[in-house]
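# Examination of the molecular architecture
If you want the building blocks of each chain, they are given just below.
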Amino acid sequence: MRPSFSMSGVVDLSALKQPSAPAAGGSAPASAPGAAQGAAGAQGSAFVVDANEADFQSVVLERSLQVPVVLHLGADWSEQSKQLGAVLERLAAEFAGGFVLARVDAETNPRLAQALRVTGIPAVKAIVAGELIGEFTGAQPEAQVRQWVTELLALAKREFGLGAEGGAAPGPAEPPLDPAMAAAYDALAADDLDGAARALQNVLSQTPNHPEAKPALAQVELLRRTRDADPAAALKRAKQNPQDIGAQCAAADAAMADGDADTAIALLLAAVRTFAGDERDRARKLLLDYFELLGAQDPRVAPARARLSALLF
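Remember, it's a predicted structure, so these values are computed and weren't measured experimentally.

For the rest of this paragraph, the subject is the packing of aromatic side chains. The full count for this structure, using the stated rule, is two aromatic pairs. Here the aromatic rings of phenylalanine 136 and tryptophan 148 are separated by 5.0 Å at their centres, their planes lie at 85°, and the arrangement is edge-to-face. Of this pair, phenylalanine 136 sits in strand E7 (residues 131-137) while tryptophan 148 sits in helix H5 (residues 142-160); the two residues are 12 residues apart in sequence, bridging distant segments of the chain. Of the residues examined, phenylalanine 136 reaches a relative accessible area of 3% and is grouped as buried.

Set out below in structure tokens:
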């Protein structure tokens, strides 16, 4: 499922607001378990904070009146939470005040997770002006998360007046985009995937090894192929038709678009092992696209490349 924003789907978070702070002498809310460690990890960055049930109103809701807040709900046991958290922290530093990343331990804040309708870990929620306006579940490729953040900032400025000319976001303004990529990002912001693909192909025709355009095009092509995909139904069809390379690739695409890269990679490696000729090559090329999407730094890529080489040679 493609992470997206919808004003018609806005969720009112007023129920999460806390009562006013107690008078002097009252007991202050306790920090969430692990908050001190999280704060230390974010030390030196004004763009990453930790939040819990006690301070959600001040750390997230009130802050979202000034700047978009990206809420990351994860858990220490979840490897996907760690991978997605690292991506979000890199983007928070890169966008330098365009948004604030608020980290929540869903295990130690179950009521908060329930109120936010968290259905899986990790979960990401976009909160602007006290309203939840976008979300996705599961680890996503960095290119897709970057696109999601870009759309969030555009929506926050357009609908809520937050951004460079709106609320006072902390820190310096978002760094300018690569001019060569401007047309592609404009198309993405307008949800024009076909236009974005054309723009990225134009960039690559001029600069074949453009470091941003290659993974971005792989992401856009994936989104074009999976506009209306149902991951569960696609996987069921793949299991029912093990000799259909189209069904295997469609299931892999649906899983990848849904953030389940492990399943997507496993399906294509199995297809490379099972099929021959053009069908095998189709699975191989699609798997290489996924490697481009995930990036060499993703811990799943190197083992999968080694396995692919072993299957081919």
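Here aspartate 253 lies in helix H10 (residues 245-257). Beyond its immediate sequence surroundings of up to four residues, aspartate 253 is in contact with Leu222, Arg225, Thr226, Leu286 and Tyr290.

Our next topic: the pairing of strand E6 (residues 123-128). Here E6 lies mainly inside the structure; six of its six residues are buried. Side-chain alternation along E6 places Ala123, Lys125 and Ile127 on one buried face and Val124, Ala126 and Val128 on a second face that is also buried. Counted along the chain from E6 to the antiparallel partner E7, the turn is two residues long, and its residue alanine 129 has a positive phi close to 55°.

Structurally, arginine 224 can be placed in helix H8 (residues 213-225). With relative accessibility at 29%, the residue arginine 224 sits in the partly exposed group. Discounting residues that sit within four places of it in the chain, arginine 224 has contacts with Leu193, Asp194 and Ala197. Within polar-contact distance, the side chain of arginine 224 engages the side chain of glutamate 221 at 3.2 Å.

On to the nonpolar core, then. Membership of the largest hydrophobic core comes to 32 residues, with the highest contact counts inside it found for Met256, Leu268, Leu287 and Tyr290. Secondary-structure elements contributing two or more residues to this core are H8, helix H9 (231-240), H10, helix H11 (261-274), helix H12 (277-294) and helix H13 (301-312). Each residue touching tyrosine 290, except ones within four places of it in the same chain, is listed here: Arg225, Cys249, Ala252, Asp253, Met256, Ala264 and Leu268. Leu88, Ala92, Phe136 and Ala156 belong to the second-largest nonpolar core, a separate cluster that totals 26 residues.

This paragraph deals with the environment of leucine 132. Locating leucine 132 in the fold gives a position in strand E7. When its relative accessible area of 5% is taken as the criterion, leucine 132 is described as buried. Along the sequence, leucine 132 and serine 64 sit 68 residues apart, while their C-alpha atoms lie 10.0 Å from each other.

Looking now at the packing of H11 against H12. Running from N to C, H11 and H12 point in directions that differ by 155°, and their axes come no closer than 8 Å. In terms of orientation, H11 lies roughly antiparallel with respect to H12. When you trace H11 past H12, the crossing you get is left-handed. Counting all contacts with H11, which are made through Ala261, Ala264, Ile265, Leu268, Leu269, Ala271 and Val272, the residues of H12 involved are Arg280, Ala283, Arg284, Leu286, Leu287, Tyr290 and Leu294. For the contact of H11 with H12, the per-class residue count stands at 12 nonpolar, no polar and two charged.

What counts and how
Numbers given to residues run from 1 along each chain, matching the order in which its sequence is written. Where local features are concerned, this predicted model is filtered to residues with pLDDT of at least 70; where side-chain atom pairs are given and counted, the filter is 80 or more; whole-chain, interface and lining totals use all residues. Working from all heavy atoms in the structure, the side-chain values ignore hydrogens and water. Here is the rule: rings of Phe, Tyr and Trp (six-membered ring for Trp) pair when centre to centre is within 6.5 Å. Planes less than 30 degrees apart are stacked, more than 60 are edge-to-face, and the remainder are tilted. By definition, any uninterrupted DSSP run of H or I lasting at least four residues is a helix, any uninterrupted run of E lasting at least two residues is a strand, and each is numbered from the N terminus. Buried, partly exposed and exposed residues are distinguished by accessible area as a fraction of the type maximum, computed with a 1.4 Å probe on protein chains only: under 20%, between the cut-offs, and over 50%, respectively. The contact rule is simple, with two residues in contact once any of their heavy atoms fall within 4.5 Å. Paired strands, as defined in this entry, are two strands with at least two bridges between them according to DSSP. Whenever a nitrogen or oxygen atom comes within 3.5 Å of another N or O atom, the pair is scored as a polar contact, on the condition that within protein one atom can donate a hydrogen and the other can accept it, and that pairs from neighbouring residues in sequence are kept only if both atoms are in side chains. The nonpolar core is taken to be a set of buried Ala, Val, Leu, Ile, Met, Phe, Trp, Tyr and Cys residues, with the residues joined through side-chain atoms within 4.5 Å. Throughout, an axis means a line fitted to C-alpha atoms (over the contacting stretch in the case of helices), and angles, computed between N-to-C directions, take values from 0 to 180 degrees. Roughly parallel here means an angle under 35 degrees, roughly antiparallel means over 145, roughly perpendicular means 65 to 115, and every remaining angle is called oblique. In this scheme, a crossing is called left-handed if the near helix is turned counterclockwise away from the far one by less than a right angle; it is called right-handed if the turn is clockwise. Residue classes follow a fixed rule: Ala, Val, Leu, Ile, Met, Phe, Trp, Tyr, Cys and Pro count as nonpolar, while Asp, Glu, Lys and Arg count as charged, and any other residue, Gly among them, counts as polar.

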